[in-house]
Amino acid sequence: MFKKILKILILLAVLVVLYLVIDFSNFELKSSKKLAPVKESYEDNGIIRNESKENDSYKRDFKGTEDEIIALANQARFKEELPELERNEKLMVSAMAKAQDMKDQNYFEHVSPDGLQPWFFAEEVDYEYKTFGENLAEGFFSAEEVHEGWMNSEGHRKNILSKDFKEVGIAILDFEQNGLKSYLVVQHFGAQFKKTDLEPKIICERKSRNQCRSAEKKMDEVKDTIDEQEKIIKDAKKQGATEESIKEAENNLDKLKEIKKDLKKYLKECEDFLDKCEEWK
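Rules used in this analysis
- Residues numbered from 1 in each chain as written.
- Predicted model: local features only at pLDDT ≥ 70, side-chain atom pairs only at ≥ 80, totals over all residues.
- Heavy atoms only, no water.
- Helix = DSSP H or I, 4+ residues; strand = E, 2+ residues; numbered from the N terminus.
- Buried < 20%, exposed > 50% of the residue type's maximum accessible area, 1.4 Å probe, protein only.
- Disulfide = S-S within 2.5 Å.
- Phe/Tyr/Trp six-rings, centres within 6.5 Å; stacked < 30°, edge-to-face > 60°.
- Pairing = 2+ DSSP bridges.
- Axes fitted to C-alpha atoms, helices over the stretch in contact; angles between N-to-C directions.
- Parallel < 35°, antiparallel > 145°, perpendicular 65-115°, else oblique.
- Left-handed = near helix turned anticlockwise from the far one by under 90°.
- Nonpolar A, V, L, I, M, F, W, Y, C, P; charged D, E, K, R; others polar.
- Contact = heavy atoms within 4.5 Å.

(A) Quick peek at unusual backbone geometry. One non-glycine residue, Glu-81, lies in the positive phi region at around 60 degrees. Relative to the helices and strands, Glu-81 is located in the loop between helix 2 (66–79) and strand 3 (86–87). Backbone geometry at Asn-106 places phi at a positive 55 degrees, although glycine is not the residue there. Examined against the element boundaries, Asn-106 turns out to sit in the loop between helix 3 (89–105) and helix 4 (120–124). For Asn-106, a relative accessible area of 68% puts it in the exposed group.

(B) Highlighting the state of the cysteines. With the rule as written, the count across this model stands at two disulfides. One disulfide bridge connects Cys-204 with Cys-277, the sulfur atoms lying 1.9 Å from each other. Looking down the S-S bond of the Cys-204 and Cys-277 bridge, the torsion is -90 degrees, so its handedness is left-handed. Of the two residues, Cys-204 is situated in strand 7 (residues 201–204) and Cys-277 in the loop between helix 9 (243–276) and strand 8 (279–280); the sequence distance between them amounts to 73 residues. Of the residues examined, Cys-277 reaches a relative accessible area of 14% and is grouped as buried. In this model Cys-212 forms its disulfide with Cys-270; the gap between the sulfur atoms is 1.9 Å. On the sign convention where negative is left-handed, the bridge of Cys-212 and Cys-270, at about -85 degrees about the S-S bond, is left-handed. Of the two residues, Cys-212 is situated in helix 8 (residues 206–238) and Cys-270 in helix 9; the sequence distance between them amounts to 58 residues. Each member of the pair, Cys-212 together with Cys-270, is buried. Counting only the cysteines that take part in disulfides, in the order they occur along the chain, gives the pairing 1-4, 2-3.

(C) Here's a closer look at the packing of aromatic side chains. The full count for this structure, using the stated rule, is five aromatic pairs. Grouping aromatic residues by their ring pairs yields a cluster made of Phe-62, Phe-141 and Tyr-183.

(D) Representation of the pairing of strand 5 (residues 167–177) in the model. The buried count for strand 5 comes to eight of 11 residues, which makes it a mostly enclosed element. Bridge count for strand 3 against strand 5 is two bridges, and the pairing is parallel. Bridging across to strand 5, Glu-86 finds its partner in Glu-167. Judged from the 11 bridges that link them, strand 5 and strand 6 (residues 180–192) form a sheet pairing that is antiparallel. Bridge pairing links Phe-175 to Ser-182 in strand 6.

(E) Structural detail: the packing of helix 8 against helix 9. Helix 9 packs onto helix 8 with a crossing angle of 160 degrees between their chain directions and a minimal axis gap of 9 Å. Compared by their axis directions, helix 8 and helix 9 come out roughly antiparallel. Of the two possible hands of crossing, helix 8 and helix 9 adopt the one that is left-handed. Residues of the contact of helix 8 with helix 9, tallied by class, amount to 17 nonpolar, four polar and 10 charged.

(F) Structural context of the environment of Glu-167. With respect to the secondary-structure elements, Glu-167 resides in strand 5. The exposure class of Glu-167 is buried, given its relative accessible area of 14%. Between the C-alpha atoms of Glu-167 and Phe-132, which are 35 residues apart in sequence, the distance is 9.6 Å. Not counting chain neighbours up to four residues away, the residues in contact with Glu-167 comprise Leu-85, Glu-86, Asn-88, Leu-91, Tyr-127, His-188, Phe-189, Gly-190 and Gln-192.

(G) Structural view of the sheet that holds strand 3. Strand order in the open sheet formed by five strands is 2-4-6-5-3, with mixed pairing between adjacent strands. In the strand order of this sheet, the two ends are held by strand 2 (48–49) and strand 3, each with one partner. Together, strand 3, strand 4 (129–138), strand 5 and strand 6 form the strand contacts of helix 3, whose direction differs from that of strand 5 by roughly 25 degrees. Across the sheet, helix 5 (residues 143–151) is in contact with strand 2, strand 4 and strand 6; its angle to strand 4 comes to roughly 115 degrees.

(H) Seen up close, the packing of helix 2 against helix 5. Helix 5 packs onto helix 2 with a crossing angle of 40 degrees between their chain directions and a minimal axis gap of 9 Å. As far as their axial angle goes, helix 5 and helix 2 are oblique. As for how helix 2 packs across helix 5, the hand of that crossing is right-handed. When helix 2 is examined against helix 5, the residues Glu-68, Ile-69, Leu-72, Ala-73 and Ala-76 are found in contact with a partner set consisting of Ala-143, Glu-144, Val-146, His-147, Trp-150 and Met-151. Split into classes, the residues belonging to the contact of helix 2 with helix 5 amount to eight nonpolar, one polar and two charged.

That's the geometry; what it means functionally is another story.
In structure tokens, the structure reads:
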């Protein structure tokens, strides 16, 4: 009778363990890489011109500086609880290059006569942008006037208040039109790639995390089963069980310990993998 009970207990213990680890060999960790975003730029938002220039405008100088225009833009952003735009020297250079190109080729458009897009001038000075925008104005004679003109234009206002832009550059360039002095004003916006933007992100499936948590629970259950099996063997020896039945129980115990070893290795791989996960889906 004792032998039968012992064999049943051993059999039950083995079956419990097999049930606990039945999905173990099917565990998989999957990941995918999310590449850095491609460069983006805002579509043509139109241009603004001050058509009410006085006949003596050739005598007038532009009142205000590039920094004053930047300050006005940041005042508008402050009212909308947006972070300030930082003055960027590369964007200052690209804005002036665009203004000079318009003056030299006598055009006033976002795209030059030879097909150069606004962001061409930023790329020429190695400004590594992920977003870019441009505002143009002509015929204004003060920082306040040009800023007000942009803010009264939906597309230009959108650029000034965009949360996607972090930096700005301004250029003010005088030129002559129909014998009258005027000014071109160029405003370049951008946000540069950060190192973290350029590095691929590791996105992990939530299923993988759940599998690891399930394996942790199974490890605890296997440990409990091992303790129970060791107690059964100890009691069997005290009660004079046959050498054959004890040997069988010890073989089953060895199998349990092997399963524990495999689970421990798997959990270490889980830990190493999940440490690398930056996002979950």
